[in-house]
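Residues per chain, in single letters:
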Amino acid sequence: MNKGEVPASNPYQPPYRITSAILQFVEKIGEYLGMIKTMGPGAAKPALHRINRIRTIQGTLEIEGNTLSIDQVTAVLDGKRVLAHPRELQEVRNAFTVYDVMNQWTYYSRDDLLTAHRLMMDGLVDEPGRFRSGNVGVHGAEGVIHVAPPPDRVPYLVEQLLDWI
């Protein structure tokens, strides 16, 4: 006999009896679980998810210098005309495109990272979805604050980062 096994002469008896009422409750619970699973994640509150997505995208773009408000971002999504710089409107459209497909990607995949870049930067840079081919840096009031690694090192450094992740 294995450890934890109950001898056949002394079978375990739970402190309850399985009745037809209990079986009906179990069946009802199973039905409800099935209904919940068919709705999918977030299906119960699509309006809330849309609002959260809009806020997330607006906040993320704001960090990058986009000046559109939550109302303007919502209007862009609804296909309404918004008086704003074309670049800011494109950033919003691109961000929503990325959010719609990002759950299909693998977070440590180089190809998926470049696909995200292509979608996010479409219409904004010359070669979206490719590693940069020129030198870049961060400029501040005092001049250059940071010089990024040379472009020929970027693929290697990204691979190192993805391996670490």
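In every chain, residue numbers begin from 1 and rise along the written sequence. Only residues with pLDDT of at least 70 are given local features in this predicted model, and only at 80 or more are side-chain atom pairs given and counted; all residues enter the totals for whole chains, interfaces and linings. Processing note: side-chain calculations cover all non-hydrogen atoms of the structure and skip hydrogens and water entirely.

**Quick look at the confidence of the model for the chain**
On average, the chain scores 87 in pLDDT, and the residues at 70 or more come to 87%. Ranking the elements of the chain by mean pLDDT puts helix 1 (residues 20-39) last, at 81, and helix 5 (residues 110-121) first, at 96. Confidence of the predictor at the level of single residues is captured by pLDDT, which takes values from 0 to 100. A helix here means a DSSP run of H or I that spans at least four residues, while a strand means a run of E at least two residues long, and both kinds are numbered starting from the N terminus.

**Looking at a nonpolar patch on the surface**
Like-charged residues within 9 Å of one another, or nonpolar side chains (Val, Leu, Ile, Met, Phe, Trp, Tyr) within 5 Å, are grouped into patches, provided each residue has over 30% relative accessible area and no salt bridge. In these tables, accessible area is a Shrake-Rupley quantity obtained with a 1.4 Å probe, and a residue counts as shielded only by the protein chains included in the view. Just to be clear on terms, a salt bridge is a Lys or Arg side-chain nitrogen sitting within 4 Å of an Asp or Glu carboxyl oxygen. A cluster of nonpolar side chains, contributed by Tyr16, Ile18, Ile22, Leu23 and Val26, occupies part of the molecular surface with about 510 Å² of accessible area. Within the secondary structure layout, Val26 lies in helix 1.

**Looking at the pairing of strand 1 (residues 137-140)**
Relative to strand 2 (residues 143-147), strand 1 is paired through four bridges, and the arrangement is antiparallel. Following the sheet pairing, Val138 is matched in strand 2 by His146. Connecting the antiparallel pair strand 1 and strand 2 is a turn made up of two residues. Criterion used throughout: strands pair if DSSP finds at least two bridges between them.

**Re the side chain of Glu91**
Residue position: Glu91 is located in helix 4 (residues 86-101). Using a 1.4 Å probe on the protein chains alone, a residue whose accessible area is under 20% of its type maximum counts as buried, one over 50% counts as exposed, and one in between counts as partly exposed. A relative accessible area of 14% means that Glu91 is categorised as buried. Contacts are residue-level and defined by heavy atoms, with any inter-residue pair within 4.5 Å sufficient. Not counting the four nearest positions on each side in its chain, Glu91 is found in contact with Leu61, Asn66 and Leu124.

**Quick look at the layout of surface pockets**
Using protein atoms alone on a 1 Å grid, points that fit a 1.4 Å probe yet trap it form a cavity, whereas open point sets bounded by protein on both sides within 12 Å along at least five of seven lines form a pocket; residues with an atom within 4 Å of a point count as lining. Grid points are joined across faces, edges and corners, and a volume is the space filled by probe spheres set on the points. Roughly 260 Å³ of volume is contained in the largest pocket. Elements with a minimum of two residues in the lining of the largest pocket: helix 5 and helix 6 (154-164). It is helix 5 that contributes the most residues to the lining of the largest pocket, three residues altogether. Across the lining of the largest pocket, the residue classes tally to six nonpolar, one polar and three charged. Roughly 200 Å³ of internal volume is contained in the second largest pocket. Elements represented by at least two residues in the lining of the second largest pocket include exactly helix 2 (46-63), helix 4 and helix 5. Grouping the constituent residues of the lining of the second largest pocket by class yields four nonpolar, one polar and three charged. Ten residues, namely Ala, Val, Leu, Ile, Met, Phe, Trp, Tyr, Cys and Pro, are considered nonpolar, four, namely Asp, Glu, Lys and Arg, are considered charged, and the remaining ones, Gly among them, are considered polar.

**Focus: the packing of helix 2 against helix 4**
Fitted lines through C-alpha atoms serve as axes, helices being fitted only where they are in contact, and the angles separating the N-to-C directions of these axes extend from 0 to 180 degrees. At their nearest, the axes of helix 2 and helix 4 sit 10 Å apart, and the two run at 125° to each other. Comparing their axes, helix 4 and helix 2 come out oblique. The handedness of the crossing between helix 2 and helix 4 is right-handed. Contacts from Arg53, Ile54, Thr56, Ile57 and Leu61 in helix 2 reach Glu91, Val92, Ala95, Phe96, Tyr99 and Asp100 in helix 4. Class assignment of the residues belonging to the contact of helix 2 with helix 4 gives a composition of seven nonpolar, one polar and three charged. Angular relationships are summarised with four words: roughly parallel below 35 degrees, roughly antiparallel beyond 145, roughly perpendicular across 65 to 115, and oblique for the angles in between. It is the rotation of the near helix from the far one that decides the hand of a crossing: anticlockwise by less than a right angle makes it left-handed, clockwise makes it right-handed.

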